[in-house]
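A closer look at the structure
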Amino acid sequence: MKAIEAILSLAMFSSFARSFSIQSSRLLARQNTGSVAARWMSTPAGSETSIVETCRSKIAAALETDDVKVTGAYDDPNGSHISIEVTSDKFEGKRPVQRQQLVYKALWEELQGPVHAVDSMICMTPAEK
């Protein structure tokens, strides 16, 4: 019985350890700004844009609105966890899940790399605001 418990403990630990390993293909450049480390993405023009700003602009373009607020969630300044608030006419007549799907579609590329999770998302129509 103790052997089985030891094997289960080892299996759980190795799963836990793997979740914290960093894959070299996903390493991102980091730039220090004072005491806060921020992740940056290169744009085709060569200028650098923060992940939070990149997400904000992609959502704004996809949903044809300027009323988008994207922040690093839970004191995460590098944007790997983000919170989103967006108001758009494109949400009219859509259920909450369908609204979220529109936002996730706009962020699909970032969700494959630099953005780990969307911790909260508020999607409203102008009438609901």
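Not measured: the values here are computed from a predicted model.

**Quick word on the overall build of the protein**
Looking only at helices and strands, the protein has four helices and six strands in total. Ordering the α and β elements of the protein from the N terminus gives α-β-β-β-α-β-β-α-α-β. Counting every position in the protein, which comprises 129 residues, the buried fraction comes to 29%.

**As for the packing of helix α2 (residues 51-63) against helix α3 (residues 96-106)**
One can describe the packing of α2 onto α3 by two numbers: an axis separation of 8 Å at closest approach and a directional angle of 125°. On the basis of their axis angle, the class for α2 and α3 is oblique. Between α2 and α3 the crossing geometry is right-handed. Judged by residue contacts, K58, I59, A62 and L63 of α2 engage L102, V103 and A106 from α3. Partitioning the contact of α2 with α3 into residue classes produces six nonpolar, no polar and one charged.

About the cut-offs
- Residues numbered from 1 in each chain as written.
- Predicted model: local features only at pLDDT ≥ 70, side-chain atom pairs only at ≥ 80, totals over all residues.
- Heavy atoms only, no water.
- Helix = DSSP H or I, 4+ residues; strand = E, 2+ residues; numbered from the N terminus.
- Buried < 20%, exposed > 50% of the residue type's maximum accessible area, 1.4 Å probe, protein only.
- Axes fitted to C-alpha atoms, helices over the stretch in contact; angles between N-to-C directions.
- Parallel < 35°, antiparallel > 145°, perpendicular 65-115°, else oblique.
- Left-handed = near helix turned anticlockwise from the far one by under 90°.
- Contact = heavy atoms within 4.5 Å.
- Nonpolar A, V, L, I, M, F, W, Y, C, P; charged D, E, K, R; others polar.

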